[in-house]
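What follows is each chain in one-letter form.
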Amino acid sequence: MFANGKRTFINYLQIGTTDEKSLEANQQLFVSNLFSFIGYTITFILALNAAISGTSMLSISLFFASGIFFFCHQVHRFPKLGNTISISKSIVFINLLLLMLYLVYSGGVSNTGPLWIYIVPPVAFFFSGLRKGITGIAVFVIILTVMLFYPHETLLQTTYTLEFKLRLMLSFLTVTLLFGFYEYSRQQSYNRIEDLSHKYEQQAMHDALTNLPNRRGMRVYLNHEYNRLMRSKEPLSLLICDIDYFKQVNDKYFHDGGDFVLQSLSKFFIEKIRQQDIVARWGGEEFLFLLPNTSLKDAVVLAEKIRQQVEDHIIHYKHNDIKITISMGVNEVTPNVNIEQAINIADHSLYAAKKEGRNQTVSADTMKYST
Ligand SMILES: Nc1nc2c(ncn2[C@@H]2O[C@H](COP(=O)(O)OP(=O)(O)OP(=O)(O)O)[C@@H](O)[C@H]2O)c(=O)[nH]1
């Protein structure tokens, strides 16, 4: 029973949250709903209290404010209105400021109205962030100062002692400063976490040795280009490349020498491809090229060009001149096969190139293009 009530209440506070929205947006919505809920509940109780005390103007104002807070919660039921989080946050904040100003102006019940103004700084910073929050609070402080210190209290319906007014302003500014500092530290931590998460995401998508995208990173590009192919029907080709007898490079120049060859070959590939092409380290000494807007025929021409240039290229490593060759398998991706099948077909072509004697390109249409 209690658990059911709790679930219903949480569901009520989750009005407007959807799976399509980001976690952060849903969290903001939840807190905004919670704030609206607290806002309309408390103002409603205060309104009743004011009505019982006979302060009808205050009671009407509080009922009105309560209604607006309630609207801010319910507005998320109407997504057609647009960005309901932004609408709700703005209205809640303006409503709160006006209500606080009215409480100071009227004195509220037994002149205790000004005690509520300390709600303003946390709400301002939560809803608007540091900069906009400070601006909102500055506007509030200016209006408040004018109201409180205007000669002969013309702008007040009640009277406060000068001591009270000075202490109210001073304590309000202190609370603002503390919340501002808290918000600043929170934002700094958030930015740091976001930078770190971006950095780790990049690391997870890239190969540490060559700095090329790794399998995981390449999958993102592959899916993106495959989806584009399905929409635009523009040609898309894959080229899979493997270094020949790489084990011998490792045996002769040790693992560091092998690593150096992988690094310089990666740089070499980057120089040879167009800006829209992607090359990834697909395995140990295997590279996968993704060539958008490229037909099978053009991909074979490019593969042959690269293969030839690698053959002619000399890698200088610790006074050694290292020469390597590569084998290539080429395939064009078509809408009737999925990306995995397309890679497999390119892999089979590579296997055929190896079997035929290496240092050559084999196209998926099984034609051999060079020796
Ligand atoms: N230095 C270095 N070597 C690697 C790395 N990843 C894989 N290798 C080596 O690459 C070699 C691949 O050897 P094989 O699969 O026998 O292939 P291969 O010698 O290139 O012969 P073929 O591919 O048949 O032409 C192995 O010795 C692996 O240890 C790496 O990151 N650095």
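Small disclaimer: the values here were computed from a predicted structure and weren't measured.

Participant: What is the right way to look at the packing of aromatic side chains in this model?
Facilitator: Aromatic ring pairs are described here by two measures, namely the spacing of the ring centres and the angle between the planes. On inspection of all chains with the given rule, the structure shows 15 aromatic pairs. Seen from their ring centres, Phe9 and Phe37 are 5.1 Å apart, and the 65° between their planes marks the pair as edge-to-face. In this pair, Phe9 sits in helix α1 (residues 2-13) while Phe37 sits in helix α2 (residues 23-53), placing the two residues 28 residues apart along the sequence. The class for Phe37 is partly exposed, based on a relative accessible area of 22%. Ring geometry for Phe269 and Phe287: centres 5.2 Å apart, planes at 75°, overall edge-to-face. Taken together, the positions of Phe269 in helix α8 (residues 246-272) and Phe287 in strand β3 (residues 286-292) put the pair 18 residues apart, joining distant regions of the chain. Across this residue pair, the class does not change: Phe269 and Phe287 are buried. Grouping aromatic residues by their ring pairs yields a cluster made of Phe9, Tyr12, Phe37, Tyr40 and Phe70. In this structure, Arg215 packs its charged tip against the face of Trp282, placed 4.3 Å from the ring centre. Between the NZ or CZ atom of Lys272 and the centre of the ring of Phe268, over which it lies, the distance is 4.8 Å.

Participant: What's the story with the site of the ligand in this structure? I'm lost.
Facilitator: The full set close to the ligand counts 16 residues, and Phe246, Asp259, Arg281, Lys354 and Arg358 are the nearest of them. Asp259 has a polar side-chain atom sitting 2.7 Å from a nitrogen atom of the ligand. A distance of 2.8 Å separates an oxygen atom of the ligand from a polar atom in the side chain of Lys354. Burial of the ligand by the protein chains amounts to 67% of its free accessible area of 670 Å². Looking at the shell around the ligand, the elements that each hand over two or more residues are β1 (236-243) and α8. Ranked by the residues each element gives to the shell around the ligand, the list is headed by α8, at 7 residues.

Participant: Quick question: what am I supposed to make of the packing of helix α3 (residues 56-74) against helix α4 (residues 84-106) here?
Facilitator: The angle between the axes and the distance between the axes are what describe a pair of packed helices. Where α3 meets α4, the axes come as close as 9 Å, and the angle between the chain directions of the two elements is 170°. Comparing their axes, α4 and α3 come out roughly antiparallel. Between α3 and α4 lies a crossing whose hand is left-handed. Note on element contacts: α4 touches α3 through Ser88, Ile91, Val92, Asn95, Leu96, Leu99, Tyr102, Leu103 and Ser106, opposite Met57, Leu58, Ser61, Leu62, Ala65, Ile68, Phe69, Phe71 and Cys72. Of the residues belonging to the contact of α3 with α4, the class tally is 14 nonpolar, 4 polar and no charged.

Participant: Please clarify how the nonpolar core should be interpreted in this entry.
Facilitator: Grouped burial of nonpolar side chains is what soluble globular proteins tend to show. Grouped together as the largest cluster of nonpolar side chains are 37 residues, with contacts concentrated most on Met100, Val104, Ile117, Val120, Phe140, Leu144 and Leu148. Contributing elements (two or more residues each) for this core: α2, α3, α4, α5 (120-149) and α6 (162-205). Residue contributions to this core peak at 12 residues, all from α5. Look past the residues within four positions of Met100 in its chain and what remains in contact with it is Trp116, Ile117, Ile119, Val120 and Phe140. Val261, Phe287, Val300 and Tyr317 belong to the second-largest nonpolar core, a separate cluster that totals 31 residues.

Participant: What should I look at first to understand empty space enclosed by the protein in this one?
Facilitator: Any space left empty among the atoms is revealed by the rolling of a water-sized probe across them. All told, the structure shown has 1 cavity of 30 Å³ or more when counted by the stated rule. If you trace the largest cavity, you find it lined by Glu225, Arg228, Leu229, Ser232, Glu234, Pro235, Leu236, Pro292 and Asn293. No other element matches helix α7 (residues 215-232), which puts 4 residues into the lining of the largest cavity.

Participant: Help me understand the side chain of Glu286 in this model?
Facilitator: Within the secondary structure, Glu286 sits in strand β3. Within the buried core, Glu286 has no salt-bridge partner, and the shortest N-O distance to an opposite charge, that of Arg215, equals 4.7 Å. The contact partners of Glu286, leaving out residues within four places of it in the chain, are Ile240, Cys241, Asp242, Ala280, Arg281, Asp347 and Leu350.

Participant: I keep staring at the pairing of β1 and nothing clicks. Help me out?
Facilitator: Strand residues, when the strand is regular, have side chains that alternate between the two faces of the sheet. Buried residues dominate β1, accounting for 8 of its 8 residues. Where burial is concerned, the two faces of β1 agree: the one with Leu236, Leu238, Ile240 and Asp242 and the one with Ser237, Leu239, Cys241 and Ile243 are both buried. Note: β1 against β3, 7 bridges, orientation antiparallel. Paired with Asp242 across the two strands is Glu286, which belongs to β3. Bridge count for β1 against strand β6 (residues 326-333) is 8 bridges, and the pairing is antiparallel. Looking at the pairing, Leu238 lines up with Asn331 of β6.

Participant: Could you clarify how one ought to interpret the sheet that holds β6 in this entry?
Facilitator: Backbone-to-backbone hydrogen bonds join strands into a sheet, with any given pair of strands oriented parallel or antiparallel. Read across the sheet, 5 strands follow the order β2-β3-β1-β6-β7 without closing on themselves; strand pairing throughout is mixed. Of all the strands in the sheet, just β2 (278-281) and β7 (361-363) have a single pairing partner and so form its edges. Going from strand to strand, the sheet's axes swing by 20° on average, the running direction of each strand aside. Of the strands in this sheet, β1, β2, β3 and β6 touch α7, which is tilted by about 25° from β3. Against the sheet, α8 engages β1, β2, β3 and β6, with an angle of about 15° to β3.

Participant: Teacher, can you tell me more about the pattern of salt bridges here?
Facilitator: Proximity of charged atoms lets side chains of opposite charge pair with each other. Going through the model one piece at a time under the given rule, you end up with 12 salt bridges. Asp207 is the partner of Arg281 in a salt bridge, and the nearest nitrogen-oxygen pair spans 3.2 Å. Linking Arg281 in strand β2 with Asp207 in the loop between α6 and α7, this pair joins segments that are 74 residues apart in sequence. Neither Arg281 nor Asp207 differs from the other in exposure class; each is buried. Across the pair Asp251 and Lys247 runs a salt bridge whose closest N-O atoms are separated by 3.6 Å. Here Asp251 and its partner Lys247 are both found in helix α8, 4 residues apart, which amounts to about one turn of the helix. Taken individually, Asp251 and Lys247 each receive the classification exposed, so the pair is uniform in this respect. Counted as one network, the salt bridges with shared partners bring together Asp242, Asp244 and Lys354.

Criteria and cut-off values
- Residues numbered from 1 in each chain as written.
- Predicted model: local features only at pLDDT ≥ 70, side-chain atom pairs only at ≥ 80, totals over all residues.
- Heavy atoms only, no water.
- Phe/Tyr/Trp six-rings, centres within 6.5 Å; stacked < 30°, edge-to-face > 60°.
- Helix = DSSP H or I, 4+ residues; strand = E, 2+ residues; numbered from the N terminus.
- Buried < 20%, exposed > 50% of the residue type's maximum accessible area, 1.4 Å probe, protein only.
- Lys NZ or Arg CZ within 6 Å of the ring centre and 35° of its normal.
- Near = heavy atom within 4 Å.
- Polar contact = N/O pair within 3.5 Å; in protein donor to acceptor, adjacent residues only side chain to side chain.
- Areas by Shrake-Rupley, 256 points an atom, 1.4 Å probe, with all protein chains shown as cover.
- Axes fitted to C-alpha atoms, helices over the stretch in contact; angles between N-to-C directions.
- Parallel < 35°, antiparallel > 145°, perpendicular 65-115°, else oblique.
- Left-handed = near helix turned anticlockwise from the far one by under 90°.
- Contact = heavy atoms within 4.5 Å.
- Nonpolar A, V, L, I, M, F, W, Y, C, P; charged D, E, K, R; others polar.
- Core = buried A, V, L, I, M, F, W, Y, C linked by side-chain atoms within 4.5 Å.
- 1 Å grid on protein atoms, 1.4 Å probe; cavity = no way out; pocket = protein on both sides within 12 Å on 5 of 7 lines; lining within 4 Å.
- Points joined across faces, edges and corners; volume = space filled by probe spheres on them.
- Lys, Arg positive; Asp, Glu negative; His and termini not counted.
- Salt bridge = Lys/Arg side-chain N within 4 Å of Asp/Glu carboxyl O.
- Pairing = 2+ DSSP bridges.

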